[in-house]
Amino acid sequence: MEDEPSVEVMARYLARLLQRYTQRGGVRPFGVSAMLAGFDAVTAEPKVYQIDPSGTYFSWKANAIGGRNAKTMREFLEKHWTPTLDDDDAVDLCVKTLLEVVDSGAKNMEVVLLKIDPDTKLQTEETLSDDKLDAIIANIEAEANEQPAEAKDMAD
């Protein structure tokens, strides 16, 4: 039985496929960048790759792509991401990052949480419901409203 391809092998394959279509006829049928996420088969570490239509791919710890706001979101992630984030903190950071550029809350967000069982190596995904996103957003907004009050108390 053959081993499953790693996330990096899949990223490389997809990048080559996109680049091949770009070279043939000079068109880009896949005219968007993509994110590929999964887990290392041996270490169970999360892996995230950005794949561009030009055929390049990049490994990231955290990233945001697309549109004019990608740079703002990437800078926010660079400032706030740490390797010790647990699942809840990672989801909070993801939502906070999206809130940097999205005004209407959960209506324009979709958050998918990938998990792996360290013993069985079984991978699962969970798409967060709008209700759960609304609750996370409410907590983030409550924290943001508390911080100015704490800063004001310290100044007095």
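Residues numbered from 1 in each chain as written. Predicted model: local features only at pLDDT ≥ 70, side-chain atom pairs only at ≥ 80, totals over all residues. Heavy atoms only, no water.

(A) Focus on the sheet that holds strand 1 (residues 34–39). Spatially, three strands are ordered 1-2-3 in an open sheet, and the strand pairing comes out antiparallel. Strands with a single pairing partner mark the edges of an open sheet, and in this sheet they are strand 1 and strand 3 (57–60). Taken over all neighbouring pairs, the strand axes of this sheet differ in orientation by 25° on average, direction set aside. Sheet analysis places strand 2 (residues 46–51) next to strand 3, joined by four bridges and oriented antiparallel. For tyrosine 49, the partnering residue across the bridge sits in strand 3 and is serine 59. (Pairing = 2+ DSSP bridges. Helix = DSSP H or I, 4+ residues; strand = E, 2+ residues; numbered from the N terminus. Axes fitted to C-alpha atoms, helices over the stretch in contact; angles between N-to-C directions.)

(B) Focus on the nonpolar core. Residues Val91, Val95, Met109, Val111, Leu113, Leu128, Leu133, Ile136, Ile137 and Ile140 constitute the largest nonpolar core, which totals 10 residues. Of all the secondary structure elements, the ones that give two or more residues to this core are helix 3 (87–99) and helix 4 (130–155). Sort the elements by how many residues they give to this core and helix 4 lands first, with four residues. Residues contacting valine 111, with those up to four places away along its chain left out, are Cys94, Val95, Leu98, Glu126, Thr127, Leu128 and Leu133. (Core = buried A, V, L, I, M, F, W, Y, C linked by side-chain atoms within 4.5 Å. Buried < 20%, exposed > 50% of the residue type's maximum accessible area, 1.4 Å probe, protein only. Contact = heavy atoms within 4.5 Å.)

(C) The arrangement of the side chain of glutamine 50 in detail. Relative to the helices and strands, glutamine 50 resides in strand 2. Accessibility expressed as a relative area gives 9% for glutamine 50, which makes it buried. Only 3.0 Å separates the side chain of glutamine 50 from the side chain of aspartate 52, close enough to count as a polar contact. At 3.3 Å, the side chain of glutamine 50 and the side chain of tryptophan 60 are in polar contact. The contacts of glutamine 50, once residues within four sequence positions are left out, are Ser33, Ala34, Met35, Thr56, Tyr57, Phe58, Trp60, Asn63, Ile65 and Arg74. (Polar contact = N/O pair within 3.5 Å; in protein donor to acceptor, adjacent residues only side chain to side chain.)

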